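Architecture at a glance
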Amino acid sequence: MRIAAIGLGVLIVAMGSGAALAAGGGGGAPSGGGSFNMPERELTPEEQAKRAYSQGTRAVKAADKLAKTAEEATDEKKKTKAADKAKRQYENARGYFVTAIQRKADMHEAWNYVGYTSRKLGEFDKALQAYDEALRLSPSYGEAIEYRGEAYLGLNRVDDAKNAYMQLFQSSRPLAEQLMAAMQKWVSERRAAGNAAPEVEALAQWIDERANIARQTASLAPDAPAVVSWN
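What counts as what
Residues numbered from 1 in each chain as written. Predicted model: local features only at pLDDT ≥ 70, side-chain atom pairs only at ≥ 80, totals over all residues. Heavy atoms only, no water. Helix = DSSP H or I, 4+ residues; strand = E, 2+ residues; numbered from the N terminus. Buried < 20%, exposed > 50% of the residue type's maximum accessible area, 1.4 Å probe, protein only. Contact = heavy atoms within 4.5 Å. Axes fitted to C-alpha atoms, helices over the stretch in contact; angles between N-to-C directions. Parallel < 35°, antiparallel > 145°, perpendicular 65-115°, else oblique. Left-handed = near helix turned anticlockwise from the far one by under 90°. Nonpolar A, V, L, I, M, F, W, Y, C, P; charged D, E, K, R; others polar. Expected span 1.5 Å × (residues − 1). Polar contact = N/O pair within 3.5 Å; in protein donor to acceptor, adjacent residues only side chain to side chain. Core = buried A, V, L, I, M, F, W, Y, C linked by side-chain atoms within 4.5 Å. pLDDT = per-residue confidence, 0-100.

1. Considering the overall build of the protein
A count of helices and strands for the protein gives 10 helices and zero strands. Relative to its full complement of 231 residues, the protein shows a buried share of 40%. The contacts of the protein with a sequence gap of at least 6 include a subset with a gap of at least 24, amounting to 63%.

2. So, unusual backbone geometry
Phi at N156 is positive, roughly 60°, even though this residue is not glycine. In this fold, N156 is placed in the loop between helix 7 (142-154) and helix 8 (158-171).

3. Quick look at the packing of helix 8 against helix 9 (residues 173-192)
Running from N to C, helix 8 and helix 9 cross one another at 155°; their axes reach a closest spacing of 7 Å. It follows that helix 8 is roughly antiparallel to helix 9 by the angle criterion. As for how helix 8 packs across helix 9, the hand of that crossing is left-handed. Contacts between helix 8 and helix 9 pair V158, A161, K162, A164, Y165, L168, F169 and S171 from the former with R173, L175, A176, L179, M180, M183 and W186 from the latter. Of the residues belonging to the contact of helix 8 with helix 9, the class tally is 12 nonpolar, one polar and two charged.

4. Some words on helix 4 (residues 76-103)
Its 28 residues give helix 4 an end-to-end C-alpha distance of 41 Å, which sits within 8% of 40 Å, the value for a rise of 1.5 Å per residue. Residues of helix 4 that are buried: A82, A86, Y90, A93, R94, G95, Y96, F97, V98, T99, A100 and I101. Sitting at the head of helix 4, D75 places a side-chain oxygen 3.1 Å from the backbone nitrogen of K77.

5. Description of the nonpolar core
With 53 residues, the main nonpolar core has Y165, L179, M183 and L203 as its most contacted residues. Counting only elements with at least two residues in this core, the list comes to helix 3 (45-72), helix 4, helix 5 (108-120), helix 6 (124-137), helix 7, helix 8, helix 9 and helix 10 (198-216). Looking at which element gives the most residues to this core, the answer is helix 9, with eight residues. M183 has contacts with L153, A161, K162, Y165, L203, W206 and I207, leaving out every residue within four places of it along the chain.

6. As for the packing of helix 7 against helix 9
When two helices pack together, their arrangement is captured by the angle between the axes and the distance separating the axes. Contact geometry of helix 7 with helix 9 gives a least axis separation of 9 Å together with a crossing angle of 10°. Judged by the inter-axis angle, helix 7 sits roughly parallel to helix 9. For the pair helix 7 and helix 9, contact is made by G142, E143, E146, Y147, G149, E150 and L153 and by L175, Q178, L179, A182, M183, W186 and R190, respectively.

7. Comments concerning the confidence of the model for the protein
Counting all residues, the mean pLDDT for the protein is 86, and 78% of those residues have values of 70 or more. Ranking the elements of the protein by mean pLDDT puts helix 1 (residues 8-17) last with 44 and helix 5 first with 98. A low-confidence stretch, residues 27-31 (pLDDT under 50), is modelled with seven contacts involving residues beyond four sequence positions or located in other chains.

8. Comments concerning the environment of T117
One can find T117 in helix 5. Spatially, the C-alpha atoms of T117 and Q89 are 9.3 Å apart, while their sequence positions differ by 28 residues. Residues contacting T117, with those up to four places away along its chain left out, are V60, Y90, A93, R94 and F97. A distance of 3.2 Å separates a polar atom in the side chain of T117 from the backbone oxygen of V114.

9. Details of the side chain of N112
Topologically, N112 is positioned in helix 5. Discounting residues that sit within four places of it in the chain, N112 has contacts with Y131, A134, Y141, E143, A144 and Y147.

10. Thoughts on the environment of N92
Relative to the helices and strands, N92 resides in helix 4. The spacing of N92 and V60 is 32 residues in sequence and 8.6 Å in space, taken between C-alpha atoms.

Set out below in structure tokens:
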């Protein structure tokens, strides 16, 4: 079963999060007095997957907001508190996405978000495995290509990140720009830490060159890909 490829740790999170229960359908009449209600229809596995995916995306939005608060906070206590809350929300969101792929293993959008939440939790190897599966199912899925590029940066795999950018440059300029911003941040963080290694400065020069090319060819940029929603 391909779900096992991302490791037992992810599945344990899902089982312990209550996400599977929240995403599932249920039947049976309610207990107690009052008028009789018809039992709810049991949700199909695909419907359960879509429900779990929607719950996961809401949790991701909350986690991203908390992560931004943590990044911008100047008070260390507030920064730590927001970061801890963000971590719990990413874990919760990942549980929902794992539930989704347990119900519908070919949902590439859910695999992509398993990668996203794993990356936000600093688990880059698991993130790459999930992105690879998303792209196996949907090879041209630009969002997964961009997210995987950011995961490559987290592992200092600069050449792989550059290749991801070049792929997006041909298919989705907005996503290419998003990955370029992540590269610029990667360079800035290392310079701020006093790391002026040759590979850092080489990437900075490459970024400048690619930025010039992007400006010169802006009128030829392909349209942004459609955003999928299961709401």
